[in-house]
Amino acid sequence: STSSGSSSNPCPVGLEQLISAREMNRVRFNKRNVIWAVLMEQNRQRIGGVRDADEIAICSARLTAEAFRGARKRGKFQEMAKCMG
């Protein structure tokens with residue numbers, strides 16, 4: 001028996017092969033966008049002499065929710081692919 005979290009075990013559906021390169025680029029962009037936005041908010045606060053962890057969390061959550069919606073769509077696509085295969 002192998003662990004399901006192992007990086008040596010490919011996805012049984014091969015999701016990376018099923019979605020387009022454009023979609024994979026969108027995933028990477030969303031991840032970078034969240035990181036960039038949080039860093040910019042931290043910098044804005046540092047310059048302003050403010051420390052507001054809630055504002056940083058809100059910034060992250062808003063962008064993460066957008067990324068989540070995309071991940072959910074990809075998950076639904078994966079479920080449909082399982083049914084076909």
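Just so it is clear, the structure is predicted and the values come from calculations on it, not from any experiment.

A.B. asks: Whenever I open this one, the confidence of the model for the protein confuses me. Can you help?
C.D. replies: Reading predicted coordinates in detail is not appropriate for stretches of low pLDDT. Put simply, the protein has an average pLDDT of 77, and 72% of its residues get 70 or more. Within the protein, the lowest mean pLDDT, 58, falls on helix α1 (residues 15-18), and the highest, 89, falls on helix α2 (residues 21-48). Counting contacts from residues 1-6, a segment whose pLDDT is below 50, to residues more than four positions away or on other chains yields two contacts.

A.B. asks: Explain the pattern of salt bridges here, please?
C.D. replies: A side chain of one charge can pair with a side chain of the opposite charge if their charged atoms are brought near each other. In this structure the tally under the stated criterion is one salt bridge. A salt bridge links Arg44 to Glu41, with the nearest nitrogen and oxygen atoms 2.7 Å apart. With Arg44 and Glu41 both in helix α2 and three residues apart, the pair spans about one turn of that helix.

A.B. asks: What is the right way to look at the side chain of Glu41 in this model?
C.D. replies: With relative accessibility at 11%, the residue Glu41 sits in the buried group. Residues contacting Glu41, with those up to four places away along its chain left out, are Glu55 and Ile56.

A.B. asks: Would you explain the side chain of Gln45 in this entry?
C.D. replies: Take Gln45: it is sitting in helix α2. With sequence-adjacent residues up to four places away left out, Gln45 is seen in contact with Val50, Arg51, Asp52, Glu55 and Ile56.

A.B. asks: Which parts of the structure should I look at to understand α2?
C.D. replies: Three or four residues apart is the spacing at which side chains of an α-helix point the same way, because the helix has 3.6 residues per turn. Between the first and last C-alpha of α2 there are 40 Å, a value that for 28 residues agrees with the 40 Å anticipated at 1.5 Å per step. Within the sequence span of α2, burial applies to Glu23, Val34, Ala37, Val38, Glu41 and Gln45.

A.B. asks: It is not clear to me how the environment of Ala37 should be interpreted in this structure. Could you clarify?
C.D. replies: Within the fold, Ala37 resides in helix α2. Take Ala37: its relative accessible area is 13%, and that puts it in the buried class. Sequence-wise, Ala37 and Ile56 are 19 residues apart; in three dimensions their C-alpha atoms are separated by 8.8 Å. Beyond its immediate stretch of four places on either side in the chain, Ala37 contacts Cys59 and Leu63.

Reading the values: rules and limits
- Residues numbered from 1 in each chain as written.
- Predicted model: local features only at pLDDT ≥ 70, side-chain atom pairs only at ≥ 80, totals over all residues.
- Heavy atoms only, no water.
- pLDDT = per-residue confidence, 0-100.
- Helix = DSSP H or I, 4+ residues; strand = E, 2+ residues; numbered from the N terminus.
- Contact = heavy atoms within 4.5 Å.
- Salt bridge = Lys/Arg side-chain N within 4 Å of Asp/Glu carboxyl O.
- Buried < 20%, exposed > 50% of the residue type's maximum accessible area, 1.4 Å probe, protein only.
- Expected span 1.5 Å × (residues − 1).

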